[in-house]
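Below are the chains, spelled out letter by letter.
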Amino acid sequence: MKYDRIDARILELVQRNNRLTSDVIADKVGLSATACQRRLKRLRSEGIIEADVSIISAKAVGRPIQMIVMVTLERERADIIDRFKRDIKSSPEIATGFYITGEADFLLYITAKSMEDYEQFTRKFFYQNTHIKSLKTMVVVDRVKATFGVPIEDPDEE
């Protein structure tokens, strides 16, 4: 997956605001709107842009309880890991999940309506899974930053 200086500028713009029109982006990077649309299409088809999403306030939609959960599995077997990944992807309560190294196997960001709601989820999702060795839950006090933005390197400066 290669990109050039203009692509890098487009990526910077759309990761800050994915609602910008092709006309606006094109104007900012010095292209025609059509050329900008072609580049955006290519960036998406090559998987450089993985998704166009909006960041929603969990509190505003009735899910004010937020947790970070570290999960350790009983064994490091490919089938167990793959199944747990599928379970994460199919669970709407889990907003974000990472397969990690270190003291745990997975790091999850979970939202809930209430602590009782989270307890019900815990019983259903974690306690019924016999492959989970341990979990550690940390309650989020304040979401300071919410983004999946990454620094975009200018390929000409490498």
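Residues numbered from 1 in each chain as written. Predicted model: local features only at pLDDT ≥ 70, side-chain atom pairs only at ≥ 80, totals over all residues. Heavy atoms only, no water.

(A) Seen up close, the side chain of R39. Tracing the sequence through the fold places R39 in helix α3 (residues 33-45). A relative accessible area of 18% means that R39 is categorised as buried. Residues within four places of R39 in sequence aside, it is in contact with D4, I6, D7, I10 and L31. (Helix = DSSP H or I, 4+ residues; strand = E, 2+ residues; numbered from the N terminus. Buried < 20%, exposed > 50% of the residue type's maximum accessible area, 1.4 Å probe, protein only. Contact = heavy atoms within 4.5 Å.)

(B) Looking closely at the packing of aromatic side chains. For the coordinates displayed, the defined rule picks out seven aromatic pairs. Ring geometry for F84 against F125: centres 5.8 Å apart, planes inclined by 50°, an arrangement best described as tilted. With a gap of 41 residues between them, F84 in helix α4 (residues 78-90) and F125 in helix α5 (residues 115-127) connect regions that are remote in the sequence. Take F84: its relative accessible area is 1%, and that puts it in the buried class. Aromatic pair F121 and F125: ring centres 5.1 Å apart, planes at 15°, arrangement stacked. Remark: F125 and F121 occur in helix α5; sequence separation between them is four residues, near one turn of the helix. (Phe/Tyr/Trp six-rings, centres within 6.5 Å; stacked < 30°, edge-to-face > 60°.)

(C) Seen up close, the pairing of strand β2 (residues 94-99). Across five bridges, the pairing between β2 and strand β3 (residues 106-112) is antiparallel. When the sheet's bridge partners are listed, Y99 is paired in β3 with F106. What sits between the antiparallel neighbours β2 and β3 is a turn of six residues, in which G102 has the positive phi angle 110°. (Pairing = 2+ DSSP bridges.)

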